[in-house]
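The primary structure of each chain is shown beneath.
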Amino acid sequence: MNENVHDDELTQVLPAVPLFTATTPPPRSGQRDRKLRLPARSVSNRRGRLGASGSPWAQRPAGPDLVIDAPSHQPSARAPLATLEGRNVSAWFGERQVLDRVNLVMPAGVITSLIGPSGCGKSTFLRILNRMHELVPSASLAGQVLLEGEDIYDPERKLVDARKHIGMVFQKPNPFPAMSIYDNVIAGLTLTGKRASNDEKDYLVESCLTKAGLWKEVRDRLRAPGGGLSGGQQQRLCIARSLAVTPRILLMDEPCSALDPTSTRVIEETMLELAREVTIVIVTHNMQQAQRVSQNCAFFLAAQGAPGGIVEHGPTDAMFGNPIDLRTADYVNGRFG
Ligand SMILES: Nc1ncnc2c1ncn2[C@@H]1O[C@H](COP(=O)(O)OP(=O)(O)O)[C@@H](O)[C@H]1O
Ligand SMILES: [Mg+2]
């Protein structure tokens, strides 16, 4: 496992709150290509796909925006379940390609797990799914990410929309430690300057903490600092914080790897509950966890010196019970990785 992933995660503490602070303004959409320094190959790939690719998704006439306009602080606001799709997603750090043309549909209301050995590009793929990859200075990418058929990288679309609709929970719980539990939950609203009455905030805090399976444990100490909670509770607080902006997709990068078995079980139960209202994509190195929580599964692998890609994907039962590819069979049976 490389060290820079961990460093990287630390730098993502703020972006993990799905929106921007006043000191980190979102890049305007027109700046994206310049900032990303796309390699020539990816520029042509990308433009080709976006333009003349003939993709039925890309050419769909502009219909009503699928974005739910109801203010996210309204407790009743719940976005319909959404499908996320990566099409021909490639990624580079500098000149080094780390993902090669990954295609994956993550269906609405289904929990999809991404499995595979360290370094094969699972986290990179996940970060591309909510436009966090582009925050790394040397990073570039090609391909499309479609949220209900709309490309989140379309220059017409705002980066903040992608973050709002596609939340992320990290391996290391990252609440704002000095901020109260209450304020942590509504941090996404506060950072975007959204206004909500105190009653609305109270309702939102209770409902998000309830959905995240934490309400009963913290209802009597909502003004205590988030940093005082146990690791498992902090992770559920981060889930509650993500839910407060009503995401349609929740990405989770090894959310239980730093937790004890009891906390892990609580998070898994929480995920199964949440799947009714948000599409979940989880990276996990725990094969039992993938089988317990996910209905679909994708196995990523990178050959020595080559970029990562998907070897096989499909229903989790089939991936574990009757894999097609020998490498999948070896991995799910613990023979490597
Ligand atoms: N910020 C970064 N800068 C340069 N290379 C990186 C960075 N983050 C990840 N990588 C490299 O990209 C490859 C894929 O990493 P990652 O997506 O973290 O894999 P996984 O999550 O499957 O362990 C690895 O070779 C890793 O070293
Ligand atoms: Mg990773």
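Residues numbered from 1 in each chain as written. Chains lettered and ligands numbered in written order. Predicted model: local features only at pLDDT ≥ 70, side-chain atom pairs only at ≥ 80, totals over all residues.

**Student:** Provide a residue-level description of the overall build of the chain, including the pertinent values.
**Tutor:** Within the chain, the secondary structure is distributed over 15 helices and ten strands. Here the contacts in the chain between residues at least 6 apart in sequence split such that 73% fall between residues at least 24 apart. (Helix = DSSP H or I, 4+ residues; strand = E, 2+ residues; numbered from the N terminus. Contact = placed C-beta atoms within 7 Å.)

**Student:** Give me the lowdown on the pairing of strand E9 (residues 296–302), citing residues and values where you can.
**Tutor:** In terms of burial, E9 is a largely internal element, six of the seven residues being buried. Relative to E9, strand E3 (residues 111–115) runs parallel, the two sharing four bridges. Among the inter-strand pairings, Ile115 is bridged to a residue of E9, identified as Phe299. Here E9 folds back onto strand E10 (residues 308–315), and the loop between the two strands holds five residues, one of which, Gly305, carries a positive phi near 75°. (Buried ≥ 20, exposed ≤ 12 C-beta atoms within 10 Å, placed from the backbone. Pairing = 2+ DSSP bridges.)

**Student:** Describe helix H12 (residues 261–274), and please don't skip the residues or the numbers.
**Tutor:** With 14 residues, H12 ought to run about 20 Å at 1.5 Å a step, and its terminal C-alpha atoms sit 20 Å apart, in line with that. Looking at H12, one finds that the buried residues are Thr264, Val266, Ile267, Glu268, Met271 and Leu274. Residues of H12 that are buried make contact with E3, helix H9 (198–211), helix H11 (231–243), strand E7 (249–253), strand E8 (279–283) and helix H13 (287–293). (Expected span 1.5 Å × (residues − 1).)

**Student:** Just give me the short version of the environment of Ile324, but keep the residues and values in it.
**Tutor:** Relative to the helices and strands, Ile324 is located in the loop between helix H14 (316–321) and helix H15 (326–332). By the C-beta count within 10 Å, which is 12 here, Ile324 ends up exposed. Note: C-alpha distance between Ile324 and Val311 (13 residues apart in sequence) is 9.6 Å.

**Student:** Summarise unusual backbone geometry; cite the residues concerned and give the values.
**Tutor:** Phi at Arg131 is positive, roughly 65°, even though this residue is not glycine. Within the secondary structure, Arg131 sits in the loop between helix H5 (122–129) and strand E4 (139–147). Under the C-beta neighbour-count criterion, Arg131 is labelled buried, with 24 such atoms within 10 Å. Its identity as a non-glycine residue notwithstanding, Thr246 has a phi of 55°, on the positive side. Checked against the element boundaries, Thr246 lands in the loop between H11 and E7.

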